[in-house]
Amino acid sequence: MKTLAEKLAYNETQKGGFSRGYCAGVRFYQSYGKGGAPIDKKKHNQYIDDMSAGAKKHSYCKGFMCGIRDAANERKSKVIASSLNAAAKSITGKKKK
């Protein structure tokens, strides 16, 4: 399975609507909450809802939603891996009485 970085690099070389939407979706998801700028969650969620509604008709919107999905899945896998590592350390780090 390809990593998000590999998928993003591939889609950056393509010229279609799906590829452009994919790259935009990944950047949109990864930039959320970065830089200390205030976030309008309502507008953010409305934009995603609009893209989701258009995904059946427009390849750009479909690519955007796929980019968000892949970026979210990568973040989730990193969170799960780090929590499993922390749990393993806490189990092996316990002192015996």
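Above this note sits the structure.
Notes on the structure in this doc start here. This structure is a prediction, so every number in the text was calculated from the model and none was measured. (Residues numbered from 1 in each chain as written. Predicted model: local features only at pLDDT ≥ 70, side-chain atom pairs only at ≥ 80, totals over all residues. Heavy atoms only, no water.)

Counting its regular elements, the protein contains four helices and zero strands. When its helices and strands are written in sequence order, the protein yields α-α-α-α. Expected size for 97 residues packed as a compact globule is a radius of gyration near 13 Å; at 18 Å, the protein overshoots this value by more than 25%. With the principal axes as the frame, the protein shows a C-alpha extent of 65 × 35 × 25 Å. (Helix = DSSP H or I, 4+ residues; strand = E, 2+ residues; numbered from the N terminus. Rg over C-alpha atoms; globule rule 2.2 N^0.38 Å.)

Our focus in this paragraph is the nonpolar core. Core analysis: the largest hydrophobic core is formed by seven residues, namely Leu4, Leu8, Tyr22, Cys23, Val26, Cys66 and Ala71. Taken together, the elements giving at least two residues each to this core come down to helix H1 (4-13), helix H2 (17-31) and helix H4 (59-92). Here Ala71 is in contact with Leu4, Val26 and Tyr29, once residues within four sequence places are set aside. Counting six residues, the second-largest nonpolar core is a separate cluster that includes Ile48, Cys61, Phe64 and Ile68. (Core = buried A, V, L, I, M, F, W, Y, C linked by side-chain atoms within 4.5 Å. Buried < 20%, exposed > 50% of the residue type's maximum accessible area, 1.4 Å probe, protein only. Contact = heavy atoms within 4.5 Å.)

Summed over the entire model, instances satisfying the criterion amount to four aromatic pairs. Summarising the aromatic geometry, the rings of Phe28 and Phe64 are spaced 5.3 Å apart at their centres and angled 55° between planes, so their arrangement reads as tilted. Residue Phe28 is located in helix H2, and its partner Phe64 is located in helix H4; the two are separated by 36 residues in the primary sequence. Residue class for Phe28 comes out partly exposed when judged on its relative accessible area of 21%. A network of ring pairs unites the aromatic residues Phe28, Tyr47 and Phe64 as a single cluster. The side chain of Lys2 reaches across the aromatic face of Tyr10, ending 5.6 Å from its centre. (Phe/Tyr/Trp six-rings, centres within 6.5 Å; stacked < 30°, edge-to-face > 60°. Lys NZ or Arg CZ within 6 Å of the ring centre and 35° of its normal.)

A word on the packing of helix H3 (residues 41-54) against H4. Contact pair H3 / H4: the axes reach a minimum separation of 7 Å and the direction vectors enclose 125°. It follows from the interaxial angle that H3 and H4 lie oblique. The chirality of how H3 crosses H4 is left-handed. Contacts from Tyr47, Ile48, Met51, Ser52 and Gly54 in H3 reach Tyr60, Cys61, Phe64, Met65 and Ile68 in H4. Along the lines of polarity and charge, the residues of the contact of H3 with H4 split into eight nonpolar, two polar and no charged. (Axes fitted to C-alpha atoms, helices over the stretch in contact; angles between N-to-C directions. Parallel < 35°, antiparallel > 145°, perpendicular 65-115°, else oblique. Left-handed = near helix turned anticlockwise from the far one by under 90°. Nonpolar A, V, L, I, M, F, W, Y, C, P; charged D, E, K, R; others polar.)

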